[in-house]
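# Examining the three-dimensional arrangement
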Amino acid sequence: MFLAYLKVNATIIFFIIATNQKGRKKQIMTMKRKVAILGATGAVGQRYIQLLQGHPWFQIEVLAASERSAGKKYGDACNWVMESNLPKEIAEMPVANA
């Protein structure tokens, strides 16, 4: 088992490689990169949430917006305009001051 990485644009993605009994390599775990979304309550921020929610390489860690929204739960601070439903785990996240 060993740690490997792949550089995609300016992002480095880490993952662990293991070998099976025949010595063939297989990827067993990807380390997700933590991301923050600035302007998260706006339409563009909401689209980023849609794109990154459940992504295999990224984990949404911080949602940031203006001081009007800071300190509130995202679901209370945001007027969700996307066609999909607001994910419950995102709705419960606190909004940080950008």
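Let me begin by describing the structure that accompanies this report. Since the structure is predicted, the reported quantities are computational estimates derived from the model, not experimental observations.

### Here we look at the packing of aromatic side chains
- Scanning all chains against the criterion turns up one aromatic pair.
- Arranged with centres 6.4 Å apart and planes meeting at 80 degrees, the rings of Y74 and W80 form a pair that is edge-to-face. Each of the two residues, Y74 as well as W80, counts as buried.

### A closer look at the pattern of salt bridges
- Per the stated rule, a full pass over the model turns up one salt bridge.
- With its nearest N and O atoms 2.9 Å apart, the salt bridge here joins E92 to K73. Residue E92 is located in the loop between α3 (88-91) and β6 (95-97), and its partner K73 is located in the loop between β5 (58-65) and α2 (74-77); the two are separated by 19 residues in the primary sequence.
- Classification of E92 as partly exposed rests on a relative accessible area of 49%.

### With respect to the pairing of strand β4 (residues 33-38)
- Judged from the six bridges that link them, β4 and β5 form a sheet pairing that is parallel. Residue pairing in the sheet places I37 in a bridge with L63 of β5.
- Of the crossover connections in this fold, the one passing from β4 over helix α1 (residues 43-52) to the parallel β5 is right-handed.

### So, the environment of K88
- Positionally, K88 belongs in helix α3.
- Under the relative-accessibility criterion, K88 is labelled exposed at 70%.
- On a C-alpha basis, the gap between K88 and Y74 in space is 9.9 Å, while along the polypeptide they are 14 residues apart.

### Let's talk about the sheet that holds β5
- Spatially, β4-β5-β6 is the arrangement adopted by the three strands of the open sheet, whose pairing is parallel. Because the sheet does not close on itself, it has two edges, and the strands there are β4 and β6. The mean angle between the axes of side-by-side strands here comes to 40 degrees, regardless of whether they run parallel or antiparallel.
- Summarising the sheet, β5 and β6 pair through three bridges and their orientation is parallel. Within β6, the position partnered with L63 by the bridge is V95.
- Taken strand by strand, α1 contacts β4 and β5, and its axis lies near 160 degrees from that of β4.

Definitions and cut-offs
- Residues numbered from 1 in each chain as written.
- Predicted model: local features only at pLDDT ≥ 70, side-chain atom pairs only at ≥ 80, totals over all residues.
- Heavy atoms only, no water.
- Phe/Tyr/Trp six-rings, centres within 6.5 Å; stacked < 30°, edge-to-face > 60°.
- Buried < 20%, exposed > 50% of the residue type's maximum accessible area, 1.4 Å probe, protein only.
- Salt bridge = Lys/Arg side-chain N within 4 Å of Asp/Glu carboxyl O.
- Helix = DSSP H or I, 4+ residues; strand = E, 2+ residues; numbered from the N terminus.
- Pairing = 2+ DSSP bridges.
- Right-handed = clockwise from strand over helix to strand, strands pointing away.
- Axes fitted to C-alpha atoms, helices over the stretch in contact; angles between N-to-C directions.
- Contact = heavy atoms within 4.5 Å.

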